[in-house]
Amino acid sequence: MGVTSSFDDPDVAAAYATWRARELAWLLGYPFLFRALELESGGGRGPVLDVGCGHGEVAVQVARRFASPVVAVDASPAMLEVARREHADPAVTYHQAEGRRLDFLDTASMGAAYSAFVLLMQPSRAAIQALADEVGRVLRPGARFAVLDMDHSRSTVLARRPAAEGEQITVEMGDTEIHDYYWLPETYTEILAKAGFADVRVEWLTWEGTADPALFSWRDRAPGPVTCSLVVLSGTRR
């Protein structure tokens, strides 16, 4: 969504699809994201919007878990090529976004929306606001918007710690470096409120109390109360 980054490179897009660090998001992040959406199996709220769908793996899971059509949007042709090839599903339609606009969607046409690791790729507060405003436009009143992102202030894997919000940072993705920006959850909550979302909640994720304990059945012992740098924010469209 308006991201000018290395994800436009077909090689980087392919590498991301097999990046082992993504396992943390499936073990911890996505269960909380799905819970924050407050969807029920069987759908009924209308299409779900995936903002920045990447290679489509999450969109397919949402469609299958909640029996709902998913409109999956990304700015990168390379990522969408992987999605259409590796994660095709009759309930998921893939679209390329132009900038941060969703002009192909009608106002108040979506029943829910989510984004995962997208806001941190936006280069300015104005860019995040433009994206949040557009998501708010296409959501119906009462619809939920949930965001899974990194709280870089808690991260231990950054090459360096920026001094200011909005500063570009570098994160290693295997043998590849990707660039994102240092934004704090407090900024996201302010932007979501300005975009027309009420009851904005922030949940810092921990191993303890995970949304789906069955995901940890492969571990020798129960995970302890260790806080990671993942955070979920959510709000309801007014």
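The structure under discussion appears in the preceding block.
Quick look at the structure, then.

What counts, and where the lines are drawn
- Residues numbered from 1 in each chain as written.
- Predicted model: local features only at pLDDT ≥ 70, side-chain atom pairs only at ≥ 80, totals over all residues.
- Heavy atoms only, no water.
- Core = buried A, V, L, I, M, F, W, Y, C linked by side-chain atoms within 4.5 Å.
- Buried < 20%, exposed > 50% of the residue type's maximum accessible area, 1.4 Å probe, protein only.
- Helix = DSSP H or I, 4+ residues; strand = E, 2+ residues; numbered from the N terminus.
- Contact = heavy atoms within 4.5 Å.
- Salt bridge = Lys/Arg side-chain N within 4 Å of Asp/Glu carboxyl O.

1. Looking at the nonpolar core
- Of all hydrophobic cores here, the largest spans 65 residues; its most connected members are Tyr30, Leu49, Tyr114, Phe117 and Leu148.
- The biggest single contributor to this core is helix α2 (residues 22-37), with eight residues.
- Each residue touching Leu148, except ones within four places of it in the same chain, is listed here: Gly29, Tyr30, Leu33, Ser115, Ala116, Phe117, Leu205, Leu230, Val231 and Val232.

2. A look at the pattern of salt bridges
- Summed over the entire model, instances satisfying the criterion amount to 11 salt bridges.
- With a closest N to O distance of 2.9 Å, Arg35 and Glu203 form a salt bridge. One end of the pair, Arg35, is in helix α2; the other, Glu203, is in strand β8 (residues 197-206), with 168 residues separating them in the sequence.
- The exposure class assigned to Arg35 is partly exposed, which follows from its relative accessible area of 44%.
- Overall, Glu203 belongs to the partly exposed group, its relative accessible area being 29%.
- Here Glu81 ties to Arg85 by a salt bridge, and the two come within 4.0 Å at their closest N and O atoms.

3. Regarding unusual backbone geometry
- Phi is positive for Glu38, close to 60 degrees, though the residue is something other than glycine.
- Within the element layout of this structure, Glu38 appears in the loop between α2 and β1 (48-51).
- Exposure remark for Glu38: the relative accessible area of 35% places this residue in the partly exposed category.
- One non-glycine residue with positive phi stands out, namely Phe117, at about 55 degrees.
- Position of Phe117 among the secondary structure elements: in the loop between β4 (110-116) and α5 (125-138).

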